[in-house]
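Structural features, examined
The lines below spell out each chain.
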There are 2 protein chains.
Amino acid sequence: MIRLLLAEDQALLLGALGSLLDLEDDLEVVARAANGDQARQAIETHRPDLLVTDIEMPGSTGLELAEWVREAHPEIRVVILTTFARPGYLRRALDAGVRGYLLKETPVEPLADALRRIHAGERVIDPELALTAFDSKDPLTERERQVLRLAGEGLSNAEIGKRLHLADGTVRNYLSEAIGKLAAENRIEAYRIARDQGWL
Amino acid sequence: MIRLLLAEDQALLLGALGSLLDLEDDLEVVARAANGDQARQAIETHRPDLLVTDIEMPGSTGLELAEWVREAHPEIRVVILTTFARPGYLRRALDAGVRGYLLKETPVEPLADALRRIHAGERVIDPELALTAFDSKDPLTERERQVLRLAGEGLSNAEIGKRLHLADGTVRNYLSEAIGKLAAENRIEAYRIARDQGWL
DNA sequence: CAGCGGAAATGACATTCGTCACCTCGAATC
DNA sequence: GATTCGAGGTGACGAATGTCATTTCCGCTG
């Protein structure tokens, strides 16, 4: 019996997927979590074999969760299950030692099979992503990321500066560098590119 | 027996939810569609009692689908099932005569109940949204919406002008009006506000 | 200690944006 | 035929943004 813990913030999917996987003879959903923090607690109490987690959740993300699991419970295998085919996400996930990275495009049966294979020791990466994995890596510095995130929310240079305790000229510089590195025309395009790559 | 058609682009949710609803004694999923166009065809062939559809899908959206159903098959009841609690979406859905508007936050059982009630003639709106429904309505003109959409993708005034066959000064004017109407500081903020309201 | 490199800042400059008042032209209205 | 109105356009002006060269201030490292 493979003991699963599901972490997913969309209640409908969490419930439906949980029930369905539970119907499989060799799978058992021992707990469900609606966010990263609940997942940590559930891990401590239930010690599942496999953690299946979404990435974008309130509280701590699935990637943070995966990193934590590797530290705290290295025997638990982590499977990422997300909507986003973003190279940066996959890279970070692999760095965190996850055993599987699957998209929500996958139908249920293939997903269940993948979970079995992962439990048996295999590593399963969605084929659509396996290729893009070693494409481009994040060229941004931490400061550039911070500035870009805020710029993407519509803040002006001055406002960004205030938030990060920087002069607005400095903000301009970081933004200019980020725009250059990403070959964008302006801050908005730069923000989109970085976000779509999973670098923010 | 209530005959359902599900339209949802996320294969995992489509599959899991479909299987689960099908297990209910009085519900039958007669067809599944991964986008709006497939849904139209499936409606023609299967004539379901209820159409349960997502909003944001490739091809035509769930809202367009709902509008089409009211024209072509007014006897079919439409239920919107979406992640987004955007007032503009709800308003447009109600204008299209949908009988239900539910969030993917809803667990499966309440969803099944809601479908039964809708089939029985009731109208079910997610309580979280029922309130916000009559808040604010879209103050934007069609031109302003177009311009804002493109601005949100990082295009400059000149580029937007080229796309829409307008002079860049005119683009500036539309954008300026939109920013004013939405009480935003700049185009990015205006874009975000409009998007979050479901006006784009 | 000298030297190097990264983080933060400054100043100058061109370009783009945001605002506003005003112009044009064609269709609908009177 | 004159008037109104709305979509689109112009021009001007200040503010914000983007680019670059240069500077200061560390903390390292040889």
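The structure we're discussing is the one just above.
We now turn to the structure provided with this report. (Residues numbered from 1 in each chain as written. Chains lettered and ligands numbered in written order. Predicted model: local features only at pLDDT ≥ 70, side-chain atom pairs only at ≥ 80, totals over all residues. Heavy atoms only, no water.)

Another aspect to go through is the overall build of chain A. Looking only at helices and strands, chain A features 10 helices and six strands. Taking the principal axes of the C-alpha coordinates as reference, chain A spans close to 60 × 35 × 30 Å. Counting only carbon and sulfur atoms, one obtains 48% of the accessible surface of chain A, whose full area is about 9000 Å². Between the averaged position of the 25 positive side-chain charges in chain A and that of its 34 negative side-chain charges there is a distance of 6 Å. (Helix = DSSP H or I, 4+ residues; strand = E, 2+ residues; numbered from the N terminus. Areas by Shrake-Rupley, 256 points an atom, 1.4 Å probe, with all protein chains shown as cover. Lys, Arg positive; Asp, Glu negative; His and termini not counted. Charge placed at Lys NZ, Arg CZ, Asp CG, Glu CD.)

Before going further, it helps to examine the protein's contact with DNA strand C. If you check the shell around DNA strand C, you find 15 residues, and the closest are Asn-173 and Tyr-174 of chain A together with Asn-173, Ser-176 and Arg-187 of chain B. A share of 62% is what sugar and phosphate atoms reach among the atoms of DNA strand C within 4 Å of the protein. In the model, a base oxygen of DNA strand C is placed 2.8 Å from a nitrogen or oxygen of the Asn-173 of chain A side chain. Broken down by element, the residue count for the surface near DNA strand C peaks at five residues, all from helix α9 (residues 168-181) of chain A. (Near = heavy atom within 4 Å. Polar contact = N/O pair within 3.5 Å; in protein donor to acceptor, adjacent residues only side chain to side chain.)

When the charged atoms of two side chains lie near each other, side chains of opposite charge can form a pair. Residues and elements named next belong to chain A. Counted according to the given criterion, the structure contains 29 salt bridges over all chains. Its salt-bridge partner being Arg-195, residue Asp-196 comes within 2.9 Å of it at the nearest N-O pair. Among the charged side chains, a network of salt bridges with common partners joins Glu-24, Asp-26, Asp-113 and Arg-116. (Salt bridge = Lys/Arg side-chain N within 4 Å of Asp/Glu carboxyl O.)

Superposing chain B onto chain A takes a rotation of 180° combined with a translation of 0.0 Å along the rotation axis, leaving an RMSD of 0.1 Å. Seen this way, the second copy is the image of the first under a two-fold rotation axis. A shared binding surface is used by both copies, with 100% of the interface residues of chain B retained as interface residues in chain A. (Least-squares fit on C-alpha atoms with pLDDT ≥ 70 in both. Contact = heavy atoms within 4.5 Å.)

Although it is not a glycine, Arg-47 of chain A adopts a positive phi angle of roughly 45°. By relative accessible area, which is 43% here, Arg-47 of chain A ends up partly exposed. (Buried < 20%, exposed > 50% of the residue type's maximum accessible area, 1.4 Å probe, protein only.)

Within the element layout of this structure, Glu-109 of chain A appears in helix α5 (residues 108-119). Each C-alpha atom of the pair Glu-109 of chain A and Leu-20 of chain A lies 9.7 Å from the other, and the pair is 89 residues apart in sequence.

Our next topic: the sheet that holds strand β4 (residues 77-82) of chain A. Residues and elements named next belong to chain A. Pairing within the open sheet is parallel, and its six strands lie in the order β2-β1-β3-β4-β5-β6. The open sheet has two free edges, formed respectively by β2 (27-33) and β6 (124-125), since each of these has just one partner strand. With two bridges joining them, strand β5 (residues 100-103) and β6 adopt parallel strand pairing. Among the inter-strand pairings, Tyr-101 is bridged to a residue of β6, identified as Ile-125. In the packing of helix α1 (residues 11-23) onto the sheet, contacts are made with β1 (2-7), β2 and β4, and the angle to β2 comes to roughly 160°. (Pairing = 2+ DSSP bridges. Axes fitted to C-alpha atoms, helices over the stretch in contact; angles between N-to-C directions.)

The full set close to DNA strand D counts 15 residues, and Arg-172, Asn-173 and Arg-187 of chain A together with Arg-143 and Tyr-174 of chain B are the nearest of them. Within the contact set of DNA strand D, a phosphate oxygen lies 2.9 Å away from a side-chain nitrogen or oxygen of Ser-176 of chain A. Residue contributions to the surface near DNA strand D peak at five residues, all from helix α9 (residues 168-181) of chain B.

Next up on the list: the nonpolar core. Within the largest apolar cluster, 48 residues are counted, with the highest numbers of intra-cluster contacts made by Leu-21 of chain A together with Leu-4 and Leu-21 of chain B. Dropping the residues within four chain positions of it, Leu-21 of chain B is found in contact with Leu-4, Leu-6, Leu-27, Val-29, Ala-112 and Leu-115 of chain B. (Core = buried A, V, L, I, M, F, W, Y, C linked by side-chain atoms within 4.5 Å.)

This paragraph deals with the interface of chain B and chain A. The partner chain A presents 29 residues to the 29 residues of chain B that form the contact. Buried surface at the junction of chain B and chain A, both sides included, amounts to about 2300 Å², of which 63% is carbon and sulfur. Ranking the residues of chain B by area buried against chain A places Gln-10, Leu-12 and Ile-188 of chain B at the top, with a combined share of 28%. Taken together, the links from chain B to chain A amount to zero salt bridges. Inspection of the chain B/chain A interface yields eight residue pairs in polar contact (both at pLDDT 80 or more). (Buried area = accessible area lost by both parts, 1.4 Å probe.)

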